Structures are given as structure tokens and as C-alpha cells.
Amino acid sequence: MADEVGAGRAAAAVARTSDRGARIVAVTIALAWHLAIGLPAVLAARAELAVPQVVLGGWLLVASAGVYAGIRLLRDTPLPAPPLAGLLLAVDVAVFAAVGRPHLFSPANWVWGTLAWFLVVVLWGRPVRWLLALLAAHAATALTAVALYGATGAADLARSAMALYGTSSLPAAVFAGATALAALSRGRAATAVTANALVADREAAERARLDRRERLALVTGAAEDVLTELAQGRADPADPEVQRRCVRAAGRLRRLIAESDDVPHPLLHELRAAADLAERNGLPIDLVTVGTPPPLPVRVRRALADPLTATLADAQDWARLTVVAGPDEVVIGLVTPDRAGTGATGPPPDDGDGQVEHLDERDGKIRWTQTRWRR
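Summarised in this report is the structure supplied together with it. Residue numbers restart at each chain and count upward from 1, following the sequence in its written direction. With the structure being a predicted model, the display of local features is reserved for residues of pLDDT at least 70 and the display and counting of side-chain atom pairs for 80 or more, all residues being used for whole-chain, interface and lining totals. Derived side-chain values reflect all non-hydrogen atoms in the structure, with water molecules and hydrogen atoms excluded from consideration.

What follows is about the sheet that holds strand β5 (residues 366-374). Strands pair, by our definition, only if DSSP identifies at least two bridges between them. Put simply, DSSP H or I for four residues or longer makes a helix, DSSP E for two residues or longer makes a strand, and each gets a number counted from the N terminus. The mixed open sheet is built from five strands, whose spatial order is β1-β2-β3-β5-β4. The open sheet has two edge strands with one neighbour each: β1 (285-290) and β4 (356-362). With direction set aside, neighbouring strand axes in the sheet form an average angle of 10°. Alignment of β4 against β5, held across seven bridges, turns out to be antiparallel. The residue of β5 that forms the bridge with Arg362 is Arg367. Any pair of residues with heavy atoms lying within 4.5 Å of one another is described as a contacting pair. Structural elements are reduced to axes, namely lines fitted to C-alpha atoms, with helices fitted over the stretch in contact, and the angle between N-to-C directions of any two is expressed from 0 to 180 degrees. The strands that helix α8 (residues 266-280) touches are β1, β2 (319-325) and β3 (329-337); relative to β1, the one it contacts most, it runs at about 165°. Docked against the sheet, helix α9 (residues 298-314) engages β1, β2, β3, β4 and β5, running at close to 170° with respect to β5.

Below, the structure written as C-alpha cells:
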């Protein structure tokens, strides 16, 4: 699930980046056309318009809405598309009604040229069918005005058709193309993220396999040395030191097997395996757990468990193993009777990249061993 969420976020980020250039183009065309072509035409024909205040006021209102929508669009902020689209359609109707018959097809009737681009801006990111529906509403408004003004001759109808096609086809093509490219980029990014995750998982599995092979060779070598000495008669099975070496070798082998088990809490599973082995060798042991350990790498789990496993091999009479865990800390403590002359043997434990602390204290009666991991 986490991989799927990560892939979705990465795909969305790539789609937004790919889509940004098209958004800049759409906002620039809409505002530049509105300012450079629409405004001069309105000002030049102001005295000849039927209601110039409405035409100019509509121009200012659409310009303000376009700037607002463009800023939010370029900042990846969601747009209130329905209210803005409704405002544009209302201005469309008002300008057609106020421009007058003489300027029905002139540049002073700026809604012919720029309204479609503003519809593209306010509907960016919405389904293409939304834009097509609003362009159809714009076309219906224009044809209604043409009919009401009596411009029903063949030439006027041809001009209307050409104006609608010429001013709507390019915005619709840009909108549909940007939507398709964003979807394509999102799909390719999701595929790439999934493929990279598979490669990373395969590499991690290979590293784990090699690490496990090395550890198995180390553990097998220790067990082989003891068994060889016993077979050749160079070691006495009754010798306590030989017995401790056998217990340590068996504990390491058992924990190596436990490390690869698919269980909810691998650290507790490994500690229970070590405690079970100690009990089978006749050591009464209490295992107390408080809390649930967070997911930990094998390296950290080894650093937490290895010193305790070695101490358990030396323990006699009884032992108490306590695990206190939280989301940011795990503390494992082992209390056993102290034995004069005994101590930790073997190589120093791996410290889990410096995240694991190891303490070993004794007072002649009690031996206390603790490992602690902090995030």
C-alpha cells in the first residue's frame, strides 16, 4: 500500500510538471489577446457601441477573473470553476446584447476571440466534456444574437460559423492535448516508479541473500569448530566452557533461521527463539514484553539481540528477559546470576550504525545486560 501511495504521488508530481508549460501558454494567450486586441478595439469603437459601458465593464470583469484564475492555476491552487464559468457566460450574453448590430462581427465584440481562452483557463484540469459544453453554450449565445440582430444572410451565417470555428477549435485542441499529455505523463511516471521499486526490491533481496550467506558461513564455522573438536576428542562434552560454546552456536543458528521468518514482530520472534533454546537446555527463563517494537532492519535487530544471546549461553540457575518497546525506542534487558570469571565472549556486537547502545554491569551477585535502540 505504501508503494502504491508513493507511486501515485510521484506520478501526480510528474503530471503537474509536464502540465505546467501548457498552463502558462493558455494563461498568456488569454490575457495577451484580451489586452492587446480586445481592449484597443473596444476603446476605438466605444462611441459606436450600443451600450459601451456594458462592453467595457464586461471586458474589465473578465480580465479580473482571468488574472485571478491564472494566478491560482500557476500556483497549483484549486479553482472554483463553476462560478467562474457562469460569470463568463453571463458576460458573454451581456456583451452580445450591448455591442450592437454594426459591431456584431467587429473586433470590438471581443467575446468572439477571447472568451474561449478564458473558459480554457478556468476549466483547466476538468474533463474535456465540460469545455465542450461551455463552448456549445457560447455558440448558442452567439447564434441567438445573430438571429435577433437579423444577420441571417448567407454571408453573415458563414462569418458566424467561421468565427465560432476559428476561435473555439484551437482552445479546445490545446485543452484536450494538455489533458492527454498529463494523463500520458502520469501513466509513464507511475510505470517508471513501479519498475524502479521492483529493481530496488530485487537489489535489496540480493544484498540480504549475500549477507545471510556470509552470516551463515560465520555461524556454521563456529558450530563446525566445536563439532570437530568433539569428534576428534580434543574437547570434553562435560566441560562447562564447551557446553557454553555449543549453546552459543546453537543459539546463533536458531536466530539465523528466525530472522527470515515472516512474522508480525521479527525481533520478538528472535528473542523468543533464543529463550526457547535456553529453556530446552534447562534454564528457567521469564520473558516479559511491554509494547510493540516498530519495524527494524535486520542489522539493528542483530545488534539488539546478539549480546543477550551470548549472555544467555553463560547463564545458570535462572534468567529474566524484558522487552520494553515504543515507536521510537526499544530497550531489552537481561538479568542473570553473576558468575565469577565469566564475561562476554566473541567479537563485539554490531552497533546497528551507531543506533544501538550496549551495557553490561555486574556486582558479583547479579549480571545485568541491556541493549537500547533509539530512532
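This is not the end of the story, as more comes after the structure.
In what follows, salt bridge is the name for a side-chain nitrogen of Lys or Arg lying within 4 Å of a carboxyl oxygen of Asp or Glu. The final tally for this structure, using the stated rule, is nine salt bridges. A salt bridge links Glu329 to Arg372; the nearest nitrogen and oxygen atoms lie 2.6 Å apart. Residue Glu329 is located in strand β3, and its partner Arg372 is located in strand β5; the two are separated by 43 residues in the primary sequence. Using a 1.4 Å probe on the protein chains alone, a residue whose accessible area is under 20% of its type maximum counts as buried, one over 50% counts as exposed, and one in between counts as partly exposed. Assessed through its relative accessible area of 29%, Glu329 is described here as partly exposed. What you see here is one network of salt bridges that share partners, running through Glu329, Glu357, Arg372 and Arg374.

Once that is clear, we can look at the side chain of Ser106. Looking at the element boundaries, Ser106 is found in the loop between α3 (81-99) and α4 (111-122). Classification of Ser106 as buried rests on a relative accessible area of 18%.

What follows covers the packing of helix α2 (residues 52-74) against α4. Running from amino to carboxyl end, α2 crosses α4 at an angle of 35°, the nearest separation of the two axes being 9 Å. Two packed elements cross with a definite hand, and for α2 against α4 that hand is left-handed. Taking contact as the criterion, the partners of Val62, Gly66, Ala69, Gly70 and Leu73 in α2 are, on α4, Phe118, Val121 and Val122. Asp, Glu, Lys and Arg are counted as charged, while Ala, Val, Leu, Ile, Met, Phe, Trp, Tyr, Cys and Pro are counted as nonpolar; the rest, among them Gly, fall into the polar class. Partitioning the contact of α2 with α4 into residue classes produces six nonpolar, two polar and no charged. Note: crossing handedness is left-handed where the near helix turns anticlockwise from the far helix by less than a right angle, and right-handed where it turns clockwise.

Helix-helix packing is described using two parameters, namely the angle between the two axes and the distance between the axes. The contact between α3 and helix α5 (residues 128-148) brings their axes to 10 Å, and the two run at 15°. With respect to their mutual orientation, α3 and α5 come out roughly parallel. Note on packing geometry: the crossing formed by α3 with α5 is right-handed. Residues Ala85, Leu89, Asp92, Val93 and Phe96 of α3 form the contact with α5, whose participating residues are Leu134, Ala137, His138, Thr141, Ala142 and Ala145. Grouping the amino acids of the contact of α3 with α5 by side-chain chemistry returns eight nonpolar, two polar and one charged. An angle counts as roughly parallel when it lies under 35 degrees, as roughly antiparallel when it exceeds 145, as roughly perpendicular when it falls between 65 and 115, and as oblique in every other case.

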